[in-house]
Amino acid sequence: MGKVTGFMEYERLEEGYAPVGERLKNYKEFVIGLAADEAKIQGARCMDCGTPFCNNGCPVNNIIPDFNDLVYRGDWKNAIEVLHSTNNFPEFTGRICPAPCEAACTLNVNDDAVGIKSIEHAIIDRAWAEGWVQPRKALAKTGKKIAVVGSGPAGLAAAQQLARAGHDVTVFEKNDAPGGLLRFGIPDFKMEKSHIDRRVEQMKAEGVVFRNNTLVGHMPEGSKVTNWAKEIVSPEQLKSEFDAVLLAGGAEQSRDLPVPGRDLDGVHFAMEFLPQQNKINAGGKVKGQIRADGKNVVVIGGGDTGSDCVGTSNRHGAKSVVQFELLPMPPEQENKPLVWPYWPIKLRSSSSHEEGCEREFAIATKEFIGEKGKLTALKSVRVEWANGKMTEVPGSEKIIPADLVLLAMGFVSPVATILEAFGVDKDARGNAKAGTEAAGGYKTNVDKVFAAGDMRRGQSLVVWAIREGRQAARAVDEYLMGASELPR
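Residues numbered from 1 in each chain as written. Predicted model: local features only at pLDDT ≥ 70, side-chain atom pairs only at ≥ 80, totals over all residues. Heavy atoms only, no water.

1. Regarding the environment of Gly16
Now for step 1: Position of Gly16 among the secondary structure elements: in strand E1 (residues 16-17).
Now for step 2: Distance in space between the C-alpha atoms of Gly16 and Gln160 is 32 Å, their sequence separation being 144 residues.
Now for step 3: Discounting chain neighbours no more than four positions away, the residues touching Gly16 are Phe30, Val31 and Ile32. (Helix = DSSP H or I, 4+ residues; strand = E, 2+ residues; numbered from the N terminus. Contact = heavy atoms within 4.5 Å.)

2. Notes on the pairing of strand E3 (residues 145-149)
Now for step 1: Of all five residues in E3, four are buried; the element is thus mostly enclosed.
Now for step 2: Here five bridges tie E3 to strand E4 (residues 168-172), and the two strands are oriented parallel to one another. Among the inter-strand pairings, Lys145 is bridged to a residue of E4, identified as Asp168.
Now for step 3: Regarding topology, helix H10 (residues 153-164) serves as the crossover connection from E3 to the parallel E4, and that connection is right-handed. (Buried < 20%, exposed > 50% of the residue type's maximum accessible area, 1.4 Å probe, protein only. Pairing = 2+ DSSP bridges. Right-handed = clockwise from strand over helix to strand, strands pointing away.)

3. A few points about the nonpolar core
Now for step 1: Membership of the largest hydrophobic core comes to 68 residues, with the highest contact counts inside it found for Phe67, Ile123, Val148 and Leu246.
Now for step 2: Looking at this core element by element, the count peaks at nine residues for helix H20 (residues 462-481).
Now for step 3: Setting aside chain neighbours within four positions, we find Ile123 in contact with Phe67, Val71, Trp76, Ala79, Ile80 and Leu83.
Now for step 4: Counting residues in hydrophobic clusters, the runner-up holds 22 residues, among them Phe172, Val415, Leu419 and Met455. (Core = buried A, V, L, I, M, F, W, Y, C linked by side-chain atoms within 4.5 Å.)

4. A closer look at the environment of Ala163
Now for step 1: Residue placement: Ala163 occurs in helix H10.
Now for step 2: Note on Ala163: relative accessible area 2%, which makes it buried.
Now for step 3: Ala163 sits 25 residues away from Ala138 along the chain, and the two C-alpha atoms are 6.9 Å apart.
Now for step 4: Apart from residues lying up to four places away in sequence, Ala163 is in contact with Ala138, Val169, Glu206 and Val208.

5. Quick notes on the sheet that holds strand E13 (residues 358-361)
Now for step 1: What the five strands build is an open sheet, ordered E10-E18-E11-E12-E13; its pairing is parallel. Looking at the sheet topology across the chains shown, the edges are occupied by strand E10 (267-269) and E13. On average, each strand axis in the sheet is tilted by 20 degrees relative to the strand beside it, whichever way the strands run.
Now for step 2: Sheet analysis places strand E12 (residues 320-325) next to E13, joined by four bridges and oriented parallel. In the sheet register, Gln323 faces E13, and the bridge partner there is Arg359.
Now for step 3: Along the sheet, helix H14 (residues 270-281) makes contact with E10 and strand E18 (404-407), crossing E10 at roughly 70 degrees.
Now for step 4: The strands touched by helix H15 (residues 304-316) are strand E11 (296-300), E12 and E18; relative to E12, the strand with the most contacts, the crossing angle is about 175 degrees. (Axes fitted to C-alpha atoms, helices over the stretch in contact; angles between N-to-C directions.)

6. Structural notes on the pattern of salt bridges
Now for step 1: One pass over the full model with this rule turns up 31 salt bridges.
Now for step 2: Ionic pairing is found between Arg211 and Glu231, a salt bridge with its closest N-O pair at 2.7 Å. Taken together, the residues Arg211 in strand E5 (residues 209-211) and Glu231 in strand E7 (residues 231-233) connect sequence positions 20 residues apart.
Now for step 3: Put simply, Asp256 and Arg262 hold a salt bridge, and the shortest N to O gap is 2.7 Å.
Now for step 4: Each member of the salt-bridge network shares a partner with another, and the members are Arg12, Glu14 and Glu102. (Salt bridge = Lys/Arg side-chain N within 4 Å of Asp/Glu carboxyl O.)

7. Describing the packing of aromatic side chains
Now for step 1: According to the stated counting rule, one finds seven aromatic pairs in the structure shown.
Now for step 2: Between the aromatic rings of Tyr17 and Phe30, the centroid separation amounts to 5.5 Å while the plane-to-plane angle is 85 degrees, which identifies the pairing as edge-to-face. Here Tyr17 is found in strand E1, whereas its partner Phe30 is found in the loop between helix H2 (20-23) and strand E2 (31-32), with 13 residues between them in sequence.
Now for step 3: Summarising the aromatic geometry, the rings of Phe450 and Tyr479 are spaced 5.4 Å apart at their centres and angled 70 degrees between planes, so their arrangement reads as edge-to-face. In this pair, Phe450 sits in strand E20 (residues 449-451) while Tyr479 sits in helix H20, placing the two residues 29 residues apart along the sequence.
Now for step 4: Assessed through its relative accessible area of 1%, Phe450 is described here as buried.
Now for step 5: According to the relative accessible area criterion, Tyr479 is partly exposed, its value standing at 34%.
Now for step 6: By the ring-pair criterion, three or more aromatic residues cluster together here, those being Tyr17, Phe30 and Phe189.
Now for step 7: Above the ring of Phe242, the side-chain terminus of Lys145 is found at 5.3 Å from the ring centroid.
Now for step 8: Lying over the aromatic face of Trp228, Lys279 brings its terminal NZ or CZ to 4.0 Å of the ring centre. (Phe/Tyr/Trp six-rings, centres within 6.5 Å; stacked < 30°, edge-to-face > 60°. Lys NZ or Arg CZ within 6 Å of the ring centre and 35° of its normal.)

8. Thoughts on the sheet that holds E3
Now for step 1: Ordered by their spatial adjacency, five strands build an open sheet running E5-E4-E3-E8-E20, and the pairing between neighbours is parallel. Whereas interior strands pair on both sides, the edge strands pair on one side only; in this sheet they are E5 and E20. Taken over all neighbouring pairs, the strand axes of this sheet differ in orientation by 20 degrees on average, direction set aside.
Now for step 2: Sheet topology note: the strand E8 (residues 244-247)/E20 ladder contains three bridges and is parallel. Opposite Leu247, over in E20, you have Ala451 as the bridge partner.
Now for step 3: Packing against the sheet, H10 makes contact with E3, E4, E5 and E8, and its axis sits at approximately 165 degrees to E4.

9. Overview of the side chain of Gln161
Now for step 1: Structurally, Gln161 is set in helix H10.
Now for step 2: Contact partners of Gln161, with chain neighbours within four places excluded, come to Asn88, Arg470, Ala473, Leu486 and Pro487.

Structure below.
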């Protein structure tokens, strides 16, 4: 719980950022984490609140008061043990999770929440620096073979848990290296890929086998989903060679904007744009890379993916960057008595916005305009919302110069052909149909085929993916062994 009176004595301290001019010159991380004494003070702010809502606000149910208290007392080695007991990859969540735990913090009712995310970040970074993160090999092997399809946070978490239970686990990834959207969607300036690499090395030492550039099933003709596979494996082959198969790919089908001019050269999905830059940062080559240099860029979509497009465009040297959001501008401060401890709707400005971006709310795109097949502008219109319905504002149409439009309006579902190839039933949103109940959870309608993460629940947070991967691992272990000691 930290110090009894700490929340009255100490203010919340935010992590720092490198100056904008400096960080725009490269793709390196620029967040300045808390020093040990700063983290101790932040841990001291954790209250003895009786019912720690932060635990349930966190999808993996991190034991937050305990590790806050351990940091306050200087017991960093036990702090990482507590953190790892619920979260396989705190270096991922400590960097890119939006921290719903902080929204649920009891102190957040009438003060600034405890800086839980910054403490988590400090714990795991110190653990790696001190050499406390080591492979945890299974004491005995079961002889059971499991295929995990997809190497994002859900697939990685499941694979690590299953390997530690003694199973032989093979992870299939269609792109160049493991990580899924963590590697090819999240820009390096938010999370450098060395964090993924050292976890992969740990997992290899624990017995996990990775097969990269390997597509399971097939992609639809003309699909824009990133696919650098050089080998194809059929679902039938996996089902015959493995005792269980876990589908843990992402909800990679981007939401499109079917307005006139959509086929113009210069209109792209965000997930065409972002993976290319990440691949180049890793030393790879991309033919015909989509660049923002000297261009008027319009990012359509106001979420995290849109923000990532803003930051990458600025690093390319864009002439201007405008971000569209269809919904009205949210309040700068939430109504805490009304929404606490739930995730509030409020205006959120990212570090990418601070680097240079004009933001437009309650605006829709009517048409893309071009010359000789190339995008030159778009036609926008203001919208109003009433009773959940959107109407255009008469006379508000406007032509906006645009050389590059990036569609970042979220993801609608997994790639349908993957699920269809396995014969897996889909829910109304096109996700794999599988429940989460304790008995038989995460199992699809197909014998020995399970599903977890975005492929099952749809587009979500990295921390939800880790939760589902861990829970699915237990479900698979129970299916194979009749019982499981893995945590749920």
